[in-house]
Amino acid sequence: MEIFVQQLINGLTLGSIYGLIAIGYTMVFGIIGMVNFAHGDVFMLSAFIALIFFLILTTWLGMTSIVLALLIVLVIAMVLTSLWGWAIERIAYRPLRGSFRLAPLISAIGVSIFLSNFVQVAQGARNKPTPPMMREVIVLFQGESGYNVALSYKQIVIMASTAVLLAIFWYLVQKTSLGRAQRACEQDRKMAALLGIDVDRTISLTFVIGAALAAVAGTMYLLYYGVVSFNDGFVPGVKAFTAAVLGGIGSLPGAVLGGLIIGLIETFWSAYFSIEYKDVAAFSILAIVLIFMPSGILGRPEVEKV
Amino acid sequence: MSTAGIPLSVDAGVQPGPARKPLLSVRGVKTFYGNIIALKGVDLDVHEGEIVTLIGANGAGKSTLMMTIFGDPRAREGTITFAGRDITRMPTHQIAQLSIAQSPEGRRIFGRMSVFENLQMGASINKMAHFNEDLERVCTLFPRLKERLQQRGGTLSGGEQQMLAIARALMSRPKLLLLDEPSLGLAPLIVKQIFTIIKELNEKDGMTVFLVEQNAYHALRLAHRGYVMVTGNITMSGSGKELLENPQVRAAYLEGGHH
């Protein structure tokens, strides 16, 4: 029981991070029908940006309040990563729009390789640690065996900021004209243009939002694990992509749900079975779900009136 | 009135028409799909306050012309001017922002958005400035839509979707309204309704309408002027009445009774 509750907390934390990354995959797929394979590396890049600015703030500028520093780092990481997201779309994807379907996909793999190599060359190949921070935990209850079920401050911060940002983002997409334009382009780009919507700008915006959320995930990842390396984009990226497919690619709530499920499967499998096979477990569930629900859990089967 | 005396300009160039400048003017426009030519040099004018119709068989290029006016596909040759501005090379969304609205072929309703949101999309170009007022207006024109505002566009019937497509186009208060086959697949009663509304919009609000139709009888009766398109060429033009009485037009588009 104690272990179950503890793993539930851990799983939800990890799942939040996957969910944030998955939104970037699902939105880009929704609007241009392309899997942005570079998205995992954008996430990794944002963790480095967060690390660098965190060190600048705490070590060089001597900022003592970790919470304030994290907040500033989060904002900076979101802004700079968004710029990267915007630039990647402009340079690597937009010129290929209207080309054959595989072209942007290949370009995305190229960007992915470029980003991880760029960070490796610029930052070195070794793991980069942060100074230890936020180590406080709240002991929820103690089991009979003396096992403490704990909720760490980090986990609270990660889950709370995920929830808050998702709410803001949800509002943006559902209620503002910006979000409406975005959804319109998702459904029919040609018609959106006929109504005066600048489709290119809307697609740019989608990449910017996806990158900003990846930056939140990157900052949280850094906070949680306290270490990041140049090849940390790949595995979380693939997991988040899996989460997006599992939840139903194109569906925003699906991406978050998929993220949480993958996070939970991974942690529970590690706790009760073997940690070596946690990825196998996560991907097996994906395969099983897709056999029975080809469009994912919350994906919509395309039935449209003509 | 004998049909022999009617001044029909075959392969019409510039219309004699009124002396004022046309609101929309299409000159020598050629459009291709890959290497296949779809429009072979089209000349056509729409003046302010007019209802102009373009009739022709399936695949004549009518819808292609509608979309070419919006730059998608782009005209490879020729010029298109709107209100004195050359829009031939303008991006589609900027053309829309000049206050041209289109209810396109196939209606293209946003199926996963509510009727209300579809109408909001229609009001995008004027930043929702007089949204409530315009919403009320289209709800008066199409009471069916009012009942269905919160329903998803994809769940509407064909006729309702057609109404929504027209209503959405009206939400931007267009100077020029392009309607691509508003009668397609609709029950005769609804067709009649829609044509009455077009007439009202033109007479009461002075809206300029460019109407593409296969339903030649209704369209020619409604329109001030008409053009006939055959495989990418304008072959005839004249007033609605003249075309309606023309034997060639009758043989090709009106025989078998009107609907």
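Residues numbered from 1 in each chain as written. Chains lettered and ligands numbered in written order. Predicted model: local features only at pLDDT ≥ 70, side-chain atom pairs only at ≥ 80, totals over all residues.

Colleague: Could you give an account of the overall build of chain B, naming the residues involved and the relevant values?
Modeller: Along the backbone of chain B there are 10 helices and 10 strands. Its C-alpha radius of gyration of 18 Å places chain B within 12% of the 18 Å reference for a compact globule of 259 residues. With the C-alpha coordinates aligned to their principal axes, the bounding extent of chain B is approximately 55 × 40 × 35 Å. Pairs at least 24 apart in sequence give 70% of the contacts found in chain B among residues at least 6 apart. (Helix = DSSP H or I, 4+ residues; strand = E, 2+ residues; numbered from the N terminus. Rg over C-alpha atoms; globule rule 2.2 N^0.38 Å. Contact = placed C-beta atoms within 7 Å.)

Colleague: Summarise the sheet that holds strand β1 (residues 24-33) of chain B; cite the residues concerned and give the values.
Modeller: Two modes of strand pairing occur in sheets, parallel and antiparallel, and in both the strands are linked by backbone hydrogen bonds. Residues and elements named next belong to chain B. Spatial strand order, β2-β1-β4-β5: four strands in an open sheet with antiparallel pairing. The open sheet is flanked by β2 (36-46) and β5 (85-86), the only strands paired with a single partner. Contacts from helix α1 (residues 62-69) reach β1, β2 and β4 (77-82), with the element oriented near 70° to β2. (Pairing = 2+ DSSP bridges. Axes fitted to C-alpha atoms, helices over the stretch in contact; angles between N-to-C directions.)

Colleague: Would you mind going over the UniProt feature "transmembrane region" (unreviewed entry) in chain A in detail, with residue names and values included?
Modeller: All names here are of chain A. The sites that UniProt annotates as "transmembrane region" (unreviewed entry) are residues 12-35, 42-60, 66-88, 100-119, 156-173, 203-224, 244-268 and 280-299. The span residues 12-35 shows a helical share of 88% and a strand share of 0%, and its end C-alpha atoms are spaced 25 Å apart. From the first C-alpha to the last, residues 42-60 spans 26 Å; its make-up is 100% helix and 0% strand. (UniProt positions renumbered as here; feature names shortened; annotations may be inferred.)

Colleague: So what's going on with the sheet that holds strand β10 (residues 233-239) of chain B? Residues and values would help.
Modeller: Residue and element names in this part refer to chain B. Strands sit in the order β6-β7-β8-β3-β9-β10 across an open sheet of six strands; the sheet is mixed. Looking at which strands have only one partner, the edges of the open sheet turn out to be β6 (100-103) and β10. Shown here is a sheet whose adjacent strand axes are inclined to one another by a mean of 15°, direction ignored. Examined bridge by bridge, strand β9 (residues 225-230) and β10 share six bridges and lie antiparallel to one another. Bridge assignment links Val228 to a residue of β10, and that residue is Met236.

Colleague: Give a description of the domain arrangement of chain B that names residues and reports values.
Modeller: Residue and element names in this part refer to chain B. When the domains of chain B are assigned, the result is domain 1 (21-99 + 176-246) and domain 2 (110-173). Centre-to-centre, using C-alpha coordinates, domain 1 lies 23 Å away from domain 2. Listed by partner, the interface residues are 12 residues for domain 1 and eight residues for domain 2. Mapped by element, the contributors of at least two residues to the side of domain 1 that touches domain 2 are α2 (92-97), β7 (176-180) and α7 (188-205). Sort the elements by how many residues they give to the side of domain 1 that touches domain 2 and α7 lands first, with three residues. (Domains from an automatic or database assignment.)

Colleague: How would you explain the packing of helix α2 (residues 39-60) of chain A against helix α8 (residues 199-225) of chain A if you had to name every residue and give the values?
Modeller: All names here are of chain A. Interhelical geometry of α2 versus α8 gives an angle of 55° and a closest axis separation of 7 Å. What the angle tells us is that α2 and α8 run oblique. Considering only the axes of α2 and α8, their crossing is right-handed. Residues His39, Val42, Phe43, Met44, Ser46, Ala47, Ala50 and Leu51 of α2 pack against Gly210, Ala211, Ala214, Ala215, Ala217, Gly218, Thr219, Tyr221 and Leu222 of α8. (Parallel < 35°, antiparallel > 145°, perpendicular 65-115°, else oblique. Left-handed = near helix turned anticlockwise from the far one by under 90°.)

Colleague: Which residues make up the environment of Ile80(B), and what are the values?
Modeller: Residues and elements named next belong to chain B. For Ile80, the position within the fold is in strand β4. For the pair formed by Ile80 and Gly238, sequence separation is 158 residues and the distance between their alpha carbons is 21 Å. The contact partners of Ile80, leaving out residues within four places of it in the chain, are Val26, Val29, Ile69, Ala75, Ile87 and Thr88.

Colleague: Which residues make up the interface of chain B and chain A, and what are the values?
Modeller: If you look at the interface, chain B gives 20 residues, while chain A gives 18 residues. Put simply, the parts of the chain that give the side of chain B that touches chain A at least two residues each are α2 and α3 (115-122) of chain B. Within the side of chain B that touches chain A, the residues separate by chemical class into seven nonpolar, nine polar and four charged. (Nonpolar A, V, L, I, M, F, W, Y, C, P; charged D, E, K, R; others polar.)

Colleague: Break down the nonpolar core for me, citing the residues and quoting the values.
Modeller: Soluble, globular proteins show a tendency: their nonpolar side chains are buried together. Membership of the largest hydrophobic core comes to 156 residues, with the highest contact counts inside it found for Ala217(A) and Ala167(B). Residue contributions to this core peak at 16 residues, all from α8(A). No fewer than three residues from each of domain 1 (21-99 + 176-246) and domain 2 (110-173) of chain B sit in this core. (Core = buried A, V, L, I, M, F, W, Y, C linked by C-beta atoms within 7 Å. Buried ≥ 20, exposed ≤ 12 C-beta atoms within 10 Å, placed from the backbone.)

Colleague: Please give an account of helix α10 (residues 252-272) of chain A that cites residues and values.
Modeller: With 21 residues, α10(A) should reach 30 Å at 1.5 Å per residue; the first-to-last C-alpha distance of 30 Å fits that figure. Of all the 21 residues making up α10(A), 15 are buried; the element is thus mostly covered by neighbouring parts of the structure. (Expected span 1.5 Å × (residues − 1).)

Colleague: Explain the pairing of β9(B) to me, using residue names and the numbers behind them.
Modeller: Two faces make up the sheet, and in a regular strand the side chains alternate between them. Residue and element names in this part refer to chain B. Among the six residues that make up β9, five are buried, leaving the element largely enclosed by the rest of the structure. Here five bridges tie strand β3 (residues 51-56) to β9, and the two strands are oriented parallel to one another. Across the sheet, the residue bridging to Val52 is Arg225, located in β9. Hairpin connection between β9 and β10: a loop of two residues separates the two successive antiparallel strands, and Thr231 in this loop has a positive phi of roughly 35°.

Colleague: Got a sec to walk through α7(B)? Specific residues and values, please.
Modeller: With 18 residues, α7(B) should reach 26 Å at 1.5 Å per residue; the first-to-last C-alpha distance of 25 Å fits that figure. Note on α7(B): the residue one or two positions beyond its end, Gly206(B), has a positive phi of about 65°.

Colleague: If you had to explain the packing of helix α6 (residues 177-187) of chain A against α8(A) to someone new, which residues and values would you point to?
Modeller: Residue and element names in this part refer to chain A. As a packed pair, α6 and α8 sit with axes 10 Å apart at the nearest point and diverge in direction by 105°. Comparing the axis directions of α6 and α8 gives the class roughly perpendicular. From α6, Leu178, Ala181, Gln182 and Cys185 reach across to α8, where they touch Val199, Thr202, Ile203, Leu205 and Thr206. Class assignment for the residues of the contact of α6 with α8 results in six nonpolar, three polar and no charged.

Colleague: I'd like a description of the confidence of the model for chain B, backed by residues and values.
Modeller: Detailed reading of predicted coordinates is not advised where the pLDDT is low. Residue and element names in this part refer to chain B. For chain B, the average pLDDT comes to 88, and 91% of its residues sit at 70 or higher. Confidence drops under a pLDDT of 50 for residues 1-18, and excluding neighbours within four residues, the segment shows 25 contacts in the predicted structure. At the level of chain-chain contacts, confidence expressed as ipTM amounts to 0.88, with global pTM at 0.86. (pLDDT = per-residue confidence, 0-100.)

Colleague: An account of the environment of Leu166(A) is needed here, citing residue identities and associated values.
Modeller: Residues and elements named next belong to chain A. Mapped onto the fold, Leu166 is located in helix α5 (residues 153-175). A count of 20 C-beta atoms within 10 Å places Leu166 in the buried class. Expressed as a C-alpha distance, the spacing of Leu166 and Phe4, which sit 162 residues apart in the sequence, is 26 Å.

Colleague: Quick one: what's the story with the environment of Ile125(B), residue by residue and with numbers?
Modeller: Residues and elements named next belong to chain B. Tracing the chain through its elements places Ile125 in the loop between α3 and α4 (131-141). Taking the number of C-beta atoms within 10 Å as the measure of exposure, Ile125 has 21 and is therefore buried. Along the primary structure Ile125 and Ser99 are separated by 26 residues, whereas in three dimensions their C-alpha atoms are 7.9 Å apart.

Colleague: So what about the pairing of β7(B)? Which residues, and what values?
Modeller: Residues and elements named next belong to chain B. Most of β7 sits out of view: five of its five residues are buried. By the alternation rule, side chains of β7 split into Leu176, Leu178 and Asp180 and Leu177 and Leu179, which are all buried. Across four bridges, β6 lies against β7 in parallel orientation. What sits directly across from Gln102, in β7, is Leu178.

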